[in-house]
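Spelled out, the chains give:
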Amino acid sequence: MRRLLAAATLAATLLLGAGCSGDEPTAAPSPGGTGSATPTAATPSADPTGTPSVEGSQPGSAPAPGTSVAPAGGNAREVCETASKAAAGAADTYITQLGAMMQATASGDTAAADAARTKAEAALKSWSGAMREQAGRATDARLKAVLGEIATEVDSMKADVTSVDGMKLDELQQRLDALCGN
């Protein structure tokens, strides 16, 4: 899924550049987007089961550089695979529809732009819904938390490239990759 979120961020950035051809002013994204990823210091510890963990891997924080996070347990493999497949389809649709919306807007076809916007918004809803569903299925608390945070971040996105917080998506993706063993 790492490639997926990176592709969404890259595509949004490219589409923003391509969409600046014209007639309709767009808001500039704020530096760093709407969130910030501030890594915390990692301190090795052990959970009650004796499994080593890193405090920096707790929900809401990224692992400190050079530290490793134990992969998620329980049904993580199945949850990660299902979440990845669902996210891939929804993100691909979102990116495709953003491009179609921008092209239609540039050519003055408001009906096509509106249709593409509706499809992009539906893709975001599908993406966040799939992440929430998999978070509900996850038996590992860390995986459950990260999937829930991804769902929340996707919920904050709109059919507008300036709504994509690439730094936040990247931070969440790093945490998910570590838990999914990628």
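In this text the structure is predicted, and so the values were computed from the model without any measurement.

### Side note on the overall build of the protein chain
Part 1 of the reasoning: A tally of helices and strands in the protein chain yields 5 helices and 2 strands.
Part 2 of the reasoning: Taken from the N to the C terminus, the helices and strands of the protein chain come in the order α-β-β-α-α-α-α.
Part 3 of the reasoning: Burial status across the protein chain gives 38% buried among its 182 residues.
Part 4 of the reasoning: Nonlocal contacts in the protein chain, meaning residues at least 24 apart in sequence, comprise 69% of its contacts between residues at least 6 apart.
Part 5 of the reasoning: In the structure as shown, the protein chain presents an accessible area of about 9400 Å², 56% of it carried by carbon and sulfur atoms.

### Some remarks on the state of the cysteines
Part 1 of the reasoning: Evaluation of the coordinates by the stated rule reveals 1 disulfide.
Part 2 of the reasoning: A sulfur-sulfur separation of 1.9 Å characterises the disulfide bridge that pairs Cys-80 with Cys-180. Residues Cys-80 and Cys-180 share a disulfide whose torsion about the S-S bond is about -80°; that sign makes it left-handed. You can see Cys-80 sitting in helix α2 (residues 76-106) and its partner Cys-180 sitting in helix α5 (residues 166-180), a full 100 residues away along the chain.
Part 3 of the reasoning: Cys-180 sits in the partly exposed class, given a relative accessible area of 21%.

Cut-offs and rules
- Residues numbered from 1 in each chain as written.
- Predicted model: local features only at pLDDT ≥ 70, side-chain atom pairs only at ≥ 80, totals over all residues.
- Heavy atoms only, no water.
- Helix = DSSP H or I, 4+ residues; strand = E, 2+ residues; numbered from the N terminus.
- Buried < 20%, exposed > 50% of the residue type's maximum accessible area, 1.4 Å probe, protein only.
- Contact = heavy atoms within 4.5 Å.
- Areas by Shrake-Rupley, 256 points an atom, 1.4 Å probe, with all protein chains shown as cover.
- Disulfide = S-S within 2.5 Å.

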